[in-house]
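Remarks on the overall topology
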Amino acid sequence: MRAAAIALCIAVALSGCTVVPTGTAHSACELLNTASQEADLAPAWYLRAGEVLEACGQDRARADAAVRACYAEARNGYRDSKECEAMP
């Protein structure tokens, strides 16, 4: 269910051709931000969410997403979490 909500938020945030009311876009950005902070996602989801959140106006969104993706890879056994701790 969370993945579907995140996908919807990304679709709403990226719909450059569609006119989206400001409140809806802001709500989608807030929902995506909350999901990326609280849900256990695949590393690629964190990275894409960071791109979208940066477009929403969050300055460090990509850097924070890269750290979250690193920890997701560590949870999955693909890297050591110490590498993630060293990230800026």
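Residues numbered from 1 in each chain as written. Predicted model: local features only at pLDDT ≥ 70, side-chain atom pairs only at ≥ 80, totals over all residues. Heavy atoms only, no water.

Moving on, we come to the confidence of the model for the protein. Residues of the protein with pLDDT of at least 70 account for 75%, and the chain-wide mean is 83. When pLDDT is averaged over each helix and strand of the protein, the minimum, 56, is found for helix H1 (residues 2–14) and the maximum, 96, for helix H4 (residues 61–75). (pLDDT = per-residue confidence, 0-100. Helix = DSSP H or I, 4+ residues; strand = E, 2+ residues; numbered from the N terminus.)

Another point: the pattern of salt bridges. On inspection of all chains with the given rule, the structure shows 5 salt bridges. Between Arg48 and Glu51 there is a salt bridge whose closest N-O contact spans 2.4 Å. Residue Arg48 and its partner Glu51 are located together in helix H3 (residues 43–55), separated by 3 residues, close to a single helical turn. Here Glu51 falls in the partly exposed class, since its relative accessible area comes to 32%. (Salt bridge = Lys/Arg side-chain N within 4 Å of Asp/Glu carboxyl O. Buried < 20%, exposed > 50% of the residue type's maximum accessible area, 1.4 Å probe, protein only.)

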